[in-house]
Amino acid sequence: MTPSNDDVIFVKDLEKRFGDFVAVNRITFSVKKGEIFGFLGSNGSGKSTTIRMLCGIITPTSGHGFVAGHDIMTESEEVKHAIGYMSQKFSLYEDLSPFENIRFYLGLYSVPQDQWNERIEWILDMTQLNEVRNRITKDLPQGWRQRLALGCALLHQPDILFLDEPTSGVDPITRRHFWEFIRDIALQGITVFVTTHYMDEALNCGRIVMINLGTIVAQGSPSEIIAEACPNEPDADLGDAFIRPAEPHSRLYHPLVPHPPVRLRAEPRCEQCRDHRRRL
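Residues numbered from 1 in each chain as written. Predicted model: local features only at pLDDT ≥ 70, side-chain atom pairs only at ≥ 80, totals over all residues. Heavy atoms only, no water.

Peer 1: Could you clarify how one ought to interpret helix α5 (residues 142-153) in this entry?
Peer 2: Because the α-helix completes a turn every 3.6 residues, residues three or four places apart line up on one side. Taking 1.5 Å per residue as the helical rise, α5 with its twelve residues ought to reach 16 Å, and the 17 Å between its terminal C-alpha atoms agrees with that figure. The buried fraction of α5 amounts to ten of the twelve residues, a majority that puts the element mostly inside the structure. Three or more residues of α5 are buried, namely Gly143, Arg145, Gln146, Arg147, Leu148, Ala149, Leu150, Gly151, Cys152 and Ala153. Contacts made by the buried residues of α5 are with β6 (83-86), α3 (98-108), α4 (116-126), β7 (160-164) and α6 (172-187). (Helix = DSSP H or I, 4+ residues; strand = E, 2+ residues; numbered from the N terminus. Expected span 1.5 Å × (residues − 1). Buried < 20%, exposed > 50% of the residue type's maximum accessible area, 1.4 Å probe, protein only. Contact = heavy atoms within 4.5 Å.)

Peer 1: Quick question: what am I supposed to make of the nonpolar core here?
Peer 2: Side chains that are nonpolar tend, in soluble globular proteins, to be buried together. By size, the foremost hydrophobic cluster in this structure holds 49 residues, and its most contacted members are Ile102 and Met210. At six residues, the largest contribution of residues to this core is made by α6. Contact partners of Ile102, with chain neighbours within four places excluded, come to Ile120, Ile123, Leu124, Leu148, Cys152 and Leu155. (Core = buried A, V, L, I, M, F, W, Y, C linked by side-chain atoms within 4.5 Å.)

Peer 1: Which parts of the structure should I look at to understand the packing of α5 against α6?
Peer 2: Between two packed helices, what matters for the description is the angle formed by their axes and the separation of those axes. At their nearest, the axes of α5 and α6 sit 10 Å apart, and the two run at 20° to each other. Taken together, the axes of α5 and α6 are roughly parallel relative to one another. In terms of crossing hand, the pair formed by α5 and α6 is right-handed. In this structure, α5 contributes Gly143, Gln146, Arg147 and Leu150 to the contact, and α6 contributes Thr174, Phe178, Phe181 and Ile185. Residue composition of the contact of α5 with α6, by class: four nonpolar, three polar and one charged. (Axes fitted to C-alpha atoms, helices over the stretch in contact; angles between N-to-C directions. Parallel < 35°, antiparallel > 145°, perpendicular 65-115°, else oblique. Left-handed = near helix turned anticlockwise from the far one by under 90°. Nonpolar A, V, L, I, M, F, W, Y, C, P; charged D, E, K, R; others polar.)

Pasting the structure below:
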């Protein structure tokens, strides 16, 4: 696999070890410009380790990776300036107002001061937080705080936005509104790389990669993965595809990857998958 001109993220045989433990095991994939790309897996599957390598936060043990044209092995600082990153834990200052948080991050991202007023108004309008710009952030509803965190990640106008489980722990209505916001961002030409363990959220992605025990077990569009993992099951969904054990004949699944029990939030609709879950 070699990168194309449309690839804004490209990794090949990327590996991360912590002593003898292999957290990410020689994974290979690419992301196109303007995609909403999903990276799915259960807790402990290697999702967050992968995204931290791609963001230049930790150094891979081996392999190759390029993000926004920069080598993640040797140009981690350049990578950090080219991307926006929103972690699964709220990372802004809760004792500051949205306006003060935005102004702080403008300085952190070294945005020229003559652009500050324009960027502040742009983010407040885009996140629909203008009316609460001077309220203390900790007093805002969680969904509003998430919009603020996402807006701050966009202040320096990055080409790629990394979202690490951005809707973890929020209610379904807030999740739905947040994804509407993400789709609006993607329409502006920004590439969105999102990790999640919510299977219904992955349907918002054009392509997804499923990772388990640090190894990619499936990749493609949601419909392709469902059709391959659950043939002749018209009611199957991504939850069914994720829990399905590896099958040697499948081109999407690696035959040597063991599949431990995965705790999903809904009973699979696929009968074969329900039988499999009951045996686990």
